[in-house]
Amino acid sequence: MEEITPTTTGSYLTFKLDNEHFAVSVMQVTELLEMLSITKVPRSPEAMRGVINLRGSVVPVVDMRVKFSLTPKEDDIDTCIVVLNLNLENEDLKVGAIVDSVSEVIEINNNEIIPLPSISKKNHTEFISGVIEQQELFIMVLDAEKIFSTDKLLQIQKTEEILSLKG
C-alpha cells in the first residue's frame, strides 16, 4: 500500500514588475494601497522612495523595480503599494513595496515550487524561494524577509517614529 504524504498549500499574492511575475505569501501581506504621497527621506538607500503614514505608523516604502535592478518607470494607474508585515531581526516591521500591478491570489502546493538551480544562487537571488509554472508563465516565489535589508529600514523607521513623537 502506497503511503500518502500530505501536501501543504499556501496562498500567494501575485504581482508584476516589468514583464516578470512574482508571488509573496498572503500571510505577510497586510493590505494593498493605491499610490499615495510618499515623503522622501534624505540619504536613504536608492531603492527606498521614502515613508508613508499608515494610520499613525511610519512605513518605509521601497521601489521593487529599483531593488531588483530593473529600469525605473513612472507610476501609472496600476502601480500600487503592497504593505508587508515582516519579522526582521526579531522585530516586526511593516514595509511598503511598490509594484507595477497586482494580479491575483493563487493557491500553491509546496511540491509545485521548483527550486532554482544552484548556479542561480550565485547571482544574489537567495531571496527567491523557487519558481512555479502556471498557465505557461513562470512565477518567482519570493522570501520577502530576505529581500529587505533590516539595517537601513529599521533605522529609518525608528528615526521617523522619534520625529513624529516630537512633532
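Attention in this report is confined to the structure presented alongside it. (Residues numbered from 1 in each chain as written. Predicted model: local features only at pLDDT ≥ 70, side-chain atom pairs only at ≥ 80, totals over all residues. Heavy atoms only, no water.)

1. Section: the overall build of the protein
On a plain count of helices and strands, the protein comes out with 3 helices and 10 strands. Tracing the protein from N to C terminus, the helices and strands come up as β-β-β-β-β-α-β-β-β-β-β-α-α. When burial is assessed residue by residue, the protein has 42% of its 167 residues classed as buried. Contacts in the protein between residues far apart in sequence, at least 24 positions, make up 56% of those at least 6 positions apart. Just so you have it, the protein exposes about 10500 Å², and 49% of that area is on carbon and sulfur atoms. (Helix = DSSP H or I, 4+ residues; strand = E, 2+ residues; numbered from the N terminus. Buried < 20%, exposed > 50% of the residue type's maximum accessible area, 1.4 Å probe, protein only. Contact = heavy atoms within 4.5 Å. Areas by Shrake-Rupley, 256 points an atom, 1.4 Å probe, with all protein chains shown as cover.)

2. Remarks on the packing of aromatic side chains
One pass over the full model with this rule turns up 3 aromatic pairs. Taking 5.4 Å as the distance between ring centres and 45° as the angle between the ring planes, the aromatic pair formed by Phe22 and Phe68 counts as tilted. With Phe22 in strand S2 (residues 20–25) and Phe68 in the loop between helix H1 (64–67) and strand S6 (80–88), the pair connects residues that are 46 residues apart, well separated along the chain. In this structure, Phe22 and Phe68 share a single accessibility class: buried. (Phe/Tyr/Trp six-rings, centres within 6.5 Å; stacked < 30°, edge-to-face > 60°.)

3. Remarks on the side chain of Thr79
As for its placement among the helices and strands, Thr79 is situated in the loop between H1 and S6. Setting aside residues no more than four positions away along its own chain, Thr79 makes contact with Met35, Lys73, Ile98, Val99 and Asp100.

4. A few points about the side chain of Ser25
Mapped onto the elements of the fold, Ser25 is located in strand S2. In contact with Ser25, other than residues within four places in its own chain, are Ser11 and Tyr12.

5. Some words on the environment of Thr8
Inspection of the secondary structure assignment puts Thr8 in the segment before strand S1 (9–17). Linking Thr8 and Asn111, residues 103 residues apart in sequence, is a C-alpha distance of 8.0 Å.

6. Let's talk about the sheet that holds strand S4 (residues 48–54)
In spatial order, the strands read S3-S6-S7-S5-S4; together these 5 strands make up an open sheet with mixed pairing. The open sheet has two edge strands with one neighbour each: strand S3 (29–34) and S4. This sheet shows a mean twist of 30° between the axes of neighbouring strands, independent of strand direction. With 3 bridges connecting them, strand S5 (residues 57–63) and strand S7 (residues 91–99) associate as parallel partners. Pairing of Val62 across the sheet is with Ala97, part of S7. (Pairing = 2+ DSSP bridges. Axes fitted to C-alpha atoms, helices over the stretch in contact; angles between N-to-C directions.)

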